[in-house]
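Here's the letter readout for the chains.
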Amino acid sequence: MPKTPVYTPANTLVVLDFETSGLSPNQGARAIEIGAVLIEQGQITTRFSELMNPGFRINAFIEDYTGISNQMLAHAAPCAEVMARFAEFIGKHHLVAHNAAFDQRFLDAEFAHIGHQYSGQFGCSLLLARRLYPEAINHQLATLVRHKQLPNNGTFHRALADAEMTGHLWLRMLADLKQDFAIVEPPFSLMQKVMSKSKAEVPKFLRQYARA
């Protein structure tokens, strides 16, 4: 008999963000910083933040964009060591990132270097925000932080700061689902379904889910 899907609440997961030496691991780019927060039952409970030495110098644009210097990276642990520790932090949790396709590519590439595979699935707060907040000017993280007046310290493009803001955005989206559609503690699978819907389909889909 087919297995019944395991209910996994959307309010318990890991939100992550990478800073990288370039746009694509397929072009030789590596991660230079990983930041993540563990959300448990709707609360940020634990944080993970480490620089990582990619084994080569990063260019001046990346230094200026991230505020991460080659001197800082020279004193950081190698990528493999950091990613081994991050694998333990993730455990079996599902994962969320803003523009998750980017972060997932780097997570997959860095884990491939150490022969690790994770069991969780990915969710994208950018895709979800496009469905839930179509009125926003755009759906960049900084814009959504202002739009929803989310907690922040004014720092952007550093991994832990971005992961924490994305975590607050994710929790606000869960709160808005509760307020607007009376959906309490939705499963992670529901969030994934919303991401795959067109903007026009989402309100009807959520109302039907709430009545089911």
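Residues numbered from 1 in each chain as written. Predicted model: local features only at pLDDT ≥ 70, side-chain atom pairs only at ≥ 80, totals over all residues. Heavy atoms only, no water.

- Taking an unreviewed UniProt entry as the reference, the protein is identified by name as DNA polymerase III subunit epsilon belonging to Shewanella oneidensis.
- We quote the UniProt Catalytic activity (unreviewed entry) comment for the protein here in full: "DNA(n) + a 2'-deoxyribonucleoside 5'-triphosphate = DNA(n+1) + diphosphate". (UniProt positions renumbered as here; feature names shortened; annotations may be inferred.)

Looking at the overall build of the protein
Reasoning step 1: On a plain count of helices and strands, the protein comes out with nine helices and five strands.
Reasoning step 2: Mapped in sequence order, the helices and strands of the protein form the string β-β-β-α-α-α-β-α-β-α-α-α-α-α.
Reasoning step 3: What you see for the protein is a C-alpha radius of gyration of 18 Å, in line with the 17 Å of a compact globule of 212 residues.
Reasoning step 4: Projected onto the principal axes, the alpha-carbon positions of the protein cover approximately 55 × 45 × 30 Å.
Reasoning step 5: Expressed as a percentage of the 212 residues in the protein, the buried residues total 49%. (Helix = DSSP H or I, 4+ residues; strand = E, 2+ residues; numbered from the N terminus. Rg over C-alpha atoms; globule rule 2.2 N^0.38 Å. Buried < 20%, exposed > 50% of the residue type's maximum accessible area, 1.4 Å probe, protein only.)

Brief notes about helix 7 (residues 159-181)
Side chains of residues three or four places apart in an α-helix project in the same direction, reflecting 3.6 residues per turn.
Reasoning step 1: Compared with an ideal rise of 1.5 Å per residue, which puts 23 residues at 33 Å, helix 7 spans 32 Å between its outermost C-alpha atoms and is within 8% of the ideal.
Reasoning step 2: Where helix 7 terminates, the next one or two residues include Ala 182, which has phi positive at roughly 55°. (Expected span 1.5 Å × (residues − 1).)

Quick look at the environment of Asn 152
Reasoning step 1: With respect to the secondary-structure elements, Asn 152 resides in the loop between helix 6 (141-147) and helix 7.
Reasoning step 2: Put simply, Asn 152 and Asp 162 are 10 residues apart on the chain and 9.0 Å apart in space, counted from C-alpha to C-alpha.
Reasoning step 3: Excluding its chain neighbours within four sequence positions, the residues that come into contact with Asn 152 are Val 145 and Met 165. (Contact = heavy atoms within 4.5 Å.)

Here we look at the packing of aromatic side chains
Reasoning step 1: Per the counting criterion, the structure on display carries eight aromatic pairs.
Reasoning step 2: For the pair Phe 86 and Phe 89, a centre-to-centre distance of 6.0 Å together with 15° between the ring planes defines the contact as stacked. Highlighted residues: Phe 86 and Phe 89, both in helix 3 (residues 79-90), separated by three residues, approximately one helical turn. Each member of the pair, Phe 86 as well as Phe 89, carries the same accessibility label: buried.
Reasoning step 3: Seen in terms of ring centroids, Phe 102 and Phe 106 are 5.0 Å apart; in terms of plane orientation they differ by 50°. Their pairing is tilted. With Phe 102 and Phe 106 both in helix 4 (residues 100-113) and four residues apart, this pair spans about one turn of that helix. The pair Phe 102 / Phe 106 is uniform in exposure class, with both members buried.
Reasoning step 4: These aromatic residues form a ring-pair network of at least three members: Phe 48, Phe 86 and Phe 89. (Phe/Tyr/Trp six-rings, centres within 6.5 Å; stacked < 30°, edge-to-face > 60°.)

Observations concerning the nonpolar core
Reasoning step 1: If you look at the biggest cluster of nonpolar residues, it comprises 62 residues, and the most contacted ones within it are Leu 16, Phe 18, Phe 86, Leu 107, Leu 132, Trp 170 and Leu 206.
Reasoning step 2: Top contributing element to this core by residue count: helix 7, with nine residues.
Reasoning step 3: Formed by five residues, the second largest nonpolar core is a distinct cluster that contains Ile 32, Ile 58, Ile 68 and Leu 73. (Core = buried A, V, L, I, M, F, W, Y, C linked by side-chain atoms within 4.5 Å.)

What about helix 4?
Reasoning step 1: Taking 1.5 Å per residue as the helical rise, helix 4 with its 14 residues ought to reach 20 Å, and the 20 Å between its terminal C-alpha atoms agrees with that figure.
Reasoning step 2: Those residues of helix 4 lying buried are Ala 100, Phe 102, Asp 103, Phe 106, Leu 107, Glu 110 and Phe 111. Angularly, the buried residues of helix 4 cover 155° about the axis, an arc narrow enough to put them on a single face.
Reasoning step 3: The positive-phi residue at the C-terminal boundary of helix 4 is Gly 115, with phi of around 70°. (Arc of directions from axis to C-beta.)

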